[in-house]
Amino acid sequence: MVRKKFDAYFSLEASLLLPLIILVIWLIILTGFYLYNVHCIHQITSIGALRGAGMKRESREEIKQYLEEEIEKMIRERLVMMEEINYQVKIDIQNVEVKVEGTMYFPVFSLLKDRLKLWEISADSRYKREDPVDSIRRMRLVGAT
């Protein structure tokens, strides 16, 4: 029995396997960026709303201007590969609400983002604007009666 030798055995296997491995590694990296941005957007909204709720003596316009500057600064410093970032700050008598929405940009997968709504991230946070002194006084009154 005579065996035939195939000279291209290893190169054929490598030409199919290596691009697949590179694609999987690339998808893992992109997923990591996506999860990082999700975390950062949630953190930006929470920090912004908490800082706004802590400002008691400033007017609503001053609080809104300060929060918008801080949110823009955090967006520039923290987010990676993002496009179309929109944020909204609402301040009323009792609450401060911050919403941030954005879309991630991926070189190949961005072609499908409009149809499949892929890579869209949004978060919102709301904190009450309570005066700590009034809160403590109300707690003492409830405990005294």
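Residues numbered from 1 in each chain as written. Predicted model: local features only at pLDDT ≥ 70, side-chain atom pairs only at ≥ 80, totals over all residues. Heavy atoms only, no water.

## Some details on the overall build of the protein chain
Within the protein chain, the regular secondary structure consists of four helices and three strands. Across the 145 residues in the protein chain, those meeting the buried criterion constitute 26%. Of all intrachain contacts in the protein chain linking residues separated by at least 6 positions in sequence, the fraction that spans at least 24 positions is 64%. With an accessible surface of roughly 11100 Å², the protein chain has 58% of that area assigned to carbon and sulfur atoms. (Helix = DSSP H or I, 4+ residues; strand = E, 2+ residues; numbered from the N terminus. Buried < 20%, exposed > 50% of the residue type's maximum accessible area, 1.4 Å probe, protein only. Contact = heavy atoms within 4.5 Å. Areas by Shrake-Rupley, 256 points an atom, 1.4 Å probe, with all protein chains shown as cover.)

## Quick look at helix α2 (residues 60-78)
An ideal rise of 1.5 Å per residue puts 27 Å on 19 residues; α2 measures up with 26 Å between its terminal C-alpha atoms. When we look at burial in α2, the residues that qualify are Ile63, Leu67, Glu70, Ile71, Met74 and Ile75. The arc that holds the buried residues of α2, viewed along the axis, is 135°, so those residues lie on one side. Among the exposed residues of α2, those pointing more than 90 degrees away from its buried face are Glu61, Arg76 and Glu77. (Expected span 1.5 Å × (residues − 1). Arc of directions from axis to C-beta.)

## Quick word on the confidence of the model for the protein chain
In this model, the protein chain carries an average pLDDT of 83, and 83% of its residues clear a pLDDT of 70 or more. Averaged pLDDT values over the elements of the protein chain bottom out at 60 in helix α3 (residues 113-116) and peak at 92 in α2. (pLDDT = per-residue confidence, 0-100.)

## A closer look at the nonpolar core
Nonpolar side chains in soluble globular proteins generally cluster together in the buried interior. Counting 24 residues, the largest nonpolar core has Ile41, Ile44 and Leu79 as its most contacted members. Taken together, the elements giving at least two residues each to this core come down to α1 (9-54), α2, β1 (82-91), β2 (95-104) and β3 (120-128). The element best represented in this core is α1, accounting for six residues. Residue contacts for Leu79: discarding those within four places in its chain leaves Asn37, Cys40, Ile41, Ile44, Met74 and Ile85. (Core = buried A, V, L, I, M, F, W, Y, C linked by side-chain atoms within 4.5 Å.)

## What about the sheet that holds β3?
As summarised here, the arrangement of the three strands in space is β1-β2-β3, forming an open sheet in which the pairing is antiparallel. Both edges of this open sheet fall to β1 and β3, since each of them pairs with a single strand only. Between one strand axis and the next, the sheet turns by 10° as a mean value, whatever way the strands run. Both β2 and β3 contribute to a ladder of nine bridges, which runs antiparallel. Of the residues in β3, the one forming a bridge with Lys99 is Asp124. Sitting on the sheet, α2 touches β1 and β2, and the angle it makes with β1 is about 160°. (Pairing = 2+ DSSP bridges. Axes fitted to C-alpha atoms, helices over the stretch in contact; angles between N-to-C directions.)

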